[in-house]
Amino acid sequence: MTTMTDSSVREFKMPDVGEGLTEAEILKWYVQPGDTVTDGQVVCEVETAKAAVELPIPYDGVVRELHFPEGTTVDVGTSIIAVAVGDGAAAAAEPVQEAVAEEAVEPKPEGRQPVLVGYGVSTSSTKRRPRKGAEAPAAAQTPAAAIQAELNGHGPAAPAAPAAPAAPVTGDRPLAKPPVRKLAKDLGVDLATVVPSGPDGIITREDVHAAVSAPEPAQAAPRSEPTAPAPSPTAAPASYDTTRETRIPVKGVRKATAAAMVGSAFTAPHVTEFVTVDVTRTMKLVEELKQDKEYTGLRVNPLLLIAKALLVAIKRNPDINASWDETAQEIVVKHYVNLGIAAATPRGLIVPNIKDAHARTLPQLAGSLGELVSTAREGKTSPAAMQGGTVTITNVGVFGVDTGTPILNPGESAILAVGAIKLQPWVHKGKVKPRQVTTLALSFDHRLVDGELGSKVLADVAAVLEQPKRLISWA
């Protein structure tokens, strides 16, 4: 009989692949129980609130168990896959192979070349071990402890455990899977008062819902759940006409954007100022730079010079590049500029940023902008690229819009909106002439940015775009 010890099974937990993220959805598994994996190999793809990310496993071994199916949203810190390592890898392959044969696992797609975040991997690193006679692992824990260990993803439950249900064990922690524990916490239910209906005394989601609707926690409420469902009044909207309406689940980027925008709009007092400016000279400079050999192969457009103008304005007014620390009751002035560029992608709005944009030359800034835009369009923006922004530009002009009142990106104090550049009548040198004109809008956090500071920044951006030579004299 093969004995699996805790030391021979490694649990890979859902990592925080982005700053402050609390959950991620498993989009696809690239391995199945019984597969051999190597350090750095991608085992699954997950979608966070910011991006789709491929997760590499940090050790060698044999996949013992996938704790969650595809499409499941898992909290950060929850074990998602168990891998037998070292001496336990060979032992783990035996029972796992039998289980795989019984469950008829679908074959994995061939020829995939995953793009990793910070790792490199061979596409041929996954292989199936030969099947052997299955051996049952020995139980080295108490029945209740073994069952809970299995639920938490820290090892297999002992086969003999069903003989001792967990419910009568008054001194032990109630048995429940992590998602069920989270549900109980969200609903304010004490699991110790819930009557379990699952095998081996395991508390299920239905048990928790039943405990909420039951008049007394001690009653066996699971039976009343189907006959008197509490959410029946809210179930009525499900009868909508599918030919006239489409309902889209709020998750991923859309869910994160909604939460961020609501939080920002109702936390930071927004002020938005506008200025209309003649950018004819800037447009001429753009055309000249396109012919410059130094910019060959680089993306040269008005956004490049607008970004540089904002960086110059920040250099002249550094207090705009700051954030509000509510906990410490401090204003944090940043001595670097991580310039965010709002980008519309098939997955929704994201705001990757160019790190240390203030230290880049104009050609370097052009290269960074081009890389940022192409990466965003391909859906390959990494979570790290969307962290730590200090100020943002949103170019609504590409949609033919004159201007807008942008909402601050959380943690930042200013965002510049750029409107469409249009040929308009303009008084130039005392005469009305057709000129290239646009409208800029600057939203800022009035807790730390006064009207004077915000006005100076916006005026400086406009001045640079009107007279691009100020890029040299003010730099």
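Structure first, text after, so check above.
If you're wondering where the values come from, they're calculated on a predicted model, not measured in any experiment.

Draft legend 1. Examining the packing of helix α8 (residues 302-316) against helix α10 (residues 451-466) more closely. Close contact between α8 and α10 brings their axes to 8 Å; oriented N to C, the two are set at 135°. Between α8 and α10, the interaxial angle falls into the category oblique. Seen along the crossing, α8 lies across α10 with a hand that is right-handed. Of the residues in α10, those touching α8 at Leu305, Ile306, Ala309, Leu310, Val312, Ala313 and Arg316 are Val457, Asp460, Val461, Val464 and Leu465.

Draft legend 2. Here's a closer look at the sheet that holds strand β5 (residues 52-56). The strand order across the open sheet formed by four strands is β5-β4-β2-β7, and the pairing between neighbours is antiparallel. Bordering the open sheet on either side are β5 and β7 (73-75), each of which pairs with just one other strand. The mean angle between the axes of side-by-side strands here comes to 40°, regardless of whether they run parallel or antiparallel. Direction of pairing for strand β2 (residues 23-29) relative to strand β4 (residues 42-47): antiparallel, over a ladder of four bridges. Considered in β4, the bridge of lysine 28 is made with glutamate 45.

Draft legend 3. Representation of the side chain of aspartate 460. Its place among the elements puts aspartate 460 in helix α10. On the accessibility criterion, aspartate 460 (10% relative accessible area) is buried. Excluding residues that lie within four positions of it along the chain, aspartate 460 makes contacts with Ala313, Arg316, Asn317 and Trp474.

Draft legend 4. Inspection of unusual backbone geometry at higher detail. We note that glutamine 329 has phi near 55°; this positive angle belongs to a residue other than glycine. Examined against the element boundaries, glutamine 329 turns out to sit in the loop between β11 (322-325) and β12 (330-333). Residue glutamine 329 is classed as exposed on the basis of its relative accessible area, which comes to 52%. Residues other than glycine seldom take positive phi values, yet lysine 429 does so here, at roughly 55°. On the secondary structure map, lysine 429 appears in the loop between β19 (422-428) and β20 (431-445). Residue class for lysine 429 comes out exposed when judged on its relative accessible area of 70%.

Rules of the game
- Residues numbered from 1 in each chain as written.
- Predicted model: local features only at pLDDT ≥ 70, side-chain atom pairs only at ≥ 80, totals over all residues.
- Heavy atoms only, no water.
- Axes fitted to C-alpha atoms, helices over the stretch in contact; angles between N-to-C directions.
- Helix = DSSP H or I, 4+ residues; strand = E, 2+ residues; numbered from the N terminus.
- Parallel < 35°, antiparallel > 145°, perpendicular 65-115°, else oblique.
- Left-handed = near helix turned anticlockwise from the far one by under 90°.
- Contact = heavy atoms within 4.5 Å.
- Pairing = 2+ DSSP bridges.
- Buried < 20%, exposed > 50% of the residue type's maximum accessible area, 1.4 Å probe, protein only.

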